[in-house]
Amino acid sequence: MNQYIEETKKGLVHTYNRFPVVLERGEGVYLYDTDGKKYLDFAAGIAVCGLGYGNEEFNQALKGQIDCLTHTSNLFYNTTCGRAATALRRITGMDRVFFTNSGTEAIEGALKAARKYAWKKGTGRFEFISMEHSFHGRSIGAVSVTGNEAYRTPFEPVLPGVRFAEFNNLDSVKAQITDKTCAIILEAVQGEGGINPASQEFIEGIRKLCDQEGILMICDEIQCGMGRTGEMFAWQFYGTKPDIMAMAKGIGSGLPVGAFAMTEAVAEYSLEPGDHGTTYGGNPLACAAVAKTAEIFEKKNLVSHVREVGGYLAERLEELASKSGGVIERRGIGLIQGIKVKRPVQEIVSAALDEGLLIISARGNVIRLVPPLIIEKEHIDEMIEKLKGVL
């Protein structure tokens, strides 16, 4: 184990561009490395660990499930999957749920569902419109609808029939619509793209366009969903329901699980048994995490807490931006916030790490702040003081 830790620190075990830190345990909103150093976590595993670390109720639910059942395959029903699906239907307002292992797989399923809908309807539609600077995953299908050439170019030719429009520009979207457009996919708040919230007019305009043109609206809620905006899902913040949505990250509080969901009107003309499958999707252990996460969110009314502390975080960041010459602007909603900085963002991220603060970057020289949803105002104050010192 010690050899692995040393090799990791030296960069010999290298899949991603990782930080030179080996984390060992977590407690609340803090993480600790193998040297015992304490870090205030404003990354939450890239917007995953909404409940923070060491939540006893969550941990006990997983331990109990391990003693009962951890896998059956999707050839059989299991009670935990049923509980999780019921919970997601309740908090999403959607009608059908399909479990996956990740956000990328949820996007794949959403794209297939949209194309199958068009095929069964006999429309001949197959094209997608996505947004510039969007991020939807790294599989061929998901990267094909990701609006960043740096992600797509090394894997060309990618999925054909994808057009890109300017985010928050409805005329740009209209210009990309053809008689072959089957769906428009977007994040209500772009995460990797630089913490860019959609305007109310843009989201409502997309919904109206889709209704007028017979196009499906797909919302990617993988990063901006599960309480981040102060609503359970970002589309609820805007009051504009999609036809299909993809989710992952926060729905499992650290367990690898994703899902895509759709309305009954779409499901009636969409996937049938055999069209899409997964060995681990609906896994009892992962579903136990989903069911318990939803239960805790509702019981503790975490979205209300996010609205309160998210507003405070926005105020403190605005104050920081007005007083610091190194900050250009603040962006975001609730607890998905970003600040655009003048210095190279990776310099700041690295310096913050030295000060015991975990933050991550996003496109456009933006510091991305997506902490556990259980943070309190005192943690925000601590983060601001550390960030001030770094800036």
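That block above? That's the structure.
Because the structure is predicted, anything quoted here is derived from the model rather than measured. Position numbers for residues start from 1 in each chain and track the written sequence from start to end. Thresholds applied to this predicted model are a pLDDT of at least 70 for local features of residues and 80 or more for the giving and counting of side-chain atom pairs; totals over whole chains, interfaces and linings are not thresholded and use all residues. Each side-chain value is derived from all of the structure's non-hydrogen atoms; neither hydrogens nor water enter the calculation.

With that settled, the discussion passes to the sheet that holds strand β5 (residues 127-131). Strand pairing is defined by DSSP finding a minimum of two bridges between the two strands. Secondary structure elements follow DSSP: runs of H or I of four or more residues count as helices, runs of E of two or more count as strands, with numbering from the N terminus. A sheet is described by the order of its strands in space; here seven strands give the open sequence β4-β12-β11-β10-β7-β5-β6, paired in mixed fashion. Among the strands making up the open sheet, the edge pair consists of β4 (96-100) and β6 (162-165). Direction aside, the axes of adjacent strands within the sheet are offset by 20 degrees on average. Where strand β10 (residues 216-220) and strand β11 (residues 244-247) come together, three bridges link them in parallel fashion. Paired with Asp220 across the strands is Ala246, a residue of β11. Contact between two residues is taken to exist if any of their heavy atoms lie within 4.5 Å; hydrogens are not considered. Note on method: axes are straight lines fitted to C-alpha atoms, helices fitted across the in-contact stretch only, with angles between N-to-C directions ranging 0 to 180 degrees. Contacts between helix α4 (residues 79-92) and the sheet are confined to β4, β11 and β12 (258-262), with β4 contributing the most and set at about 125 degrees to the helix.

Turning to the pattern of salt bridges, a few remarks are in order. The term salt bridge refers to a pairing of a side-chain nitrogen on Lys or Arg with a carboxyl oxygen on Asp or Glu at a separation within 4 Å. Applying the stated criterion across every chain yields a total of 22 salt bridges. Between Arg163 and Glu127 there is a salt bridge, with its nearest N and O atoms 3.1 Å apart. Taken together, the residues span a long stretch of sequence, with Arg163 in strand β6 and Glu127 in strand β5 at a distance of 36 residues. Close ionic contact of Arg316 with Asp381 constitutes a salt bridge, the shortest N to O distance being 2.5 Å. Residue Arg316 is located in helix α13 (residues 302-323), and its partner Asp381 is located in helix α15 (residues 377-390); the two are separated by 65 residues in the primary sequence. For every residue, the accessible area obtained with a 1.4 Å probe (protein chains only) is divided by the maximum for its type, and the residue is called buried under 20%, exposed over 50%, and partly exposed between those limits. Take Arg316: its relative accessible area is 11%, and that puts it in the buried class.

Between Glu156 and Pro157 the backbone carries a cis peptide bond, its omega angle lying at -5 degrees. Residue placement: Pro157 occurs in the loop between α7 (149-152) and β6. Although it is not a glycine, His133 sits at a positive phi angle of roughly 70 degrees. Relative to the elements of secondary structure, His133 occurs in the loop between β5 and α6 (140-144). Residue His133 is classed as partly exposed on the basis of its relative accessible area, which comes to 30%. Located in the positive-phi region is Asn365, a residue other than glycine, with phi close to 60 degrees. By the secondary structure assignment, Asn365 is in the loop between β16 (360-362) and β17 (366-369).

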